[in-house]
Amino acid sequence: MKKEISEKELFETIPVPRAVATLAIPTIISQVVTMIYNLADTCGIFPCKL
């Protein structure tokens, strides 16, 4: 079972590359979901040729 990391532990004890990945991966996933939604919305309003 994976333990949850507190913000204090994240910013003070974890190595920088791992801390950046911990913060960046959820952000990237949410941006991709938003992009797919916007593409689907645009193609629903305006006929697009993908």
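This is a predicted model, so every value here is computed, not measured. Think of each chain on its own: its residues are numbered from 1, step by step along the sequence as written. In keeping with the predicted nature of the model, local features appear solely for residues at pLDDT of at least 70, side-chain atom pairs appear and are counted solely at 80 or more, and the whole-chain, interface and lining totals rest on all residues. To obtain the side-chain values, all non-hydrogen atoms of the structure were included, while hydrogens and water were left out.

A. Just the overall build of the protein chain, in detail. Strands here mean DSSP runs of E at least two residues long; helices mean DSSP runs of H or I at least four residues long; both are numbered from the N terminus. Scanning the protein chain from N- to C-terminus turns up two helices and zero strands. Counting every position in the protein chain, which comprises 50 residues, the buried fraction comes to 6%. Note that accessible areas follow from Shrake-Rupley with a 1.4 Å probe, and for residues the cover is restricted to the protein chains shown. Surface summary for the protein chain: the accessible area is close to 4,800 Å², and the carbon and sulfur share equals 68%. For every residue, the accessible area obtained with a 1.4 Å probe (protein chains only) is divided by the maximum for its type, and the residue is called buried under 20%, exposed over 50%, and partly exposed between those limits.

B. Quick look at the pattern of salt bridges. Any carboxyl oxygen of Asp or Glu within 4 Å of a side-chain nitrogen of Lys or Arg constitutes a salt bridge here. Taken as a whole and assessed by the stated rule, the structure comprises one salt bridge. Glu12 serves as the salt-bridge partner of Lys8, at 3.7 Å between the closest nitrogen and oxygen. Here Glu12 and Lys8 lie together in helix H1 (residues 7-12), a separation of four residues that amounts to about one turn. Here Lys8 and Glu12 have matching classes, each one exposed.

C. Spatial organisation of helix H2 (residues 16-45). How far a helix is expected to stretch is found by multiplying one less than its residue total by 1.5 Å. Counted at 1.5 Å a residue, the expected span for H2 with its 30 residues is 44 Å, and the 43 Å between its end C-alpha atoms agrees. What we call the bend at a residue is the angle made by axes fitted to the seven residues finishing there and the seven residues starting there. Its maximal kink placed at Ala24, H2 deviates by approximately 30 degrees, while the proline Pro26 follows within four residues.

D. Fine view of a nonpolar patch on the surface. Each patch groups residues whose relative accessible area exceeds 30% and which form no salt bridge, using 9 Å between like charges and 5 Å between nonpolar side chains of Val, Leu, Ile, Met, Phe, Trp and Tyr. On the surface, Ile28, Val32, Met35, Ile36 and Leu39 cluster together into a nonpolar patch covering about 460 Å² of accessible area. Locating Ile28 in the fold gives a position in helix H2. Taking relative accessible area as the criterion, Ile28 reaches 52% and is therefore assigned exposed.

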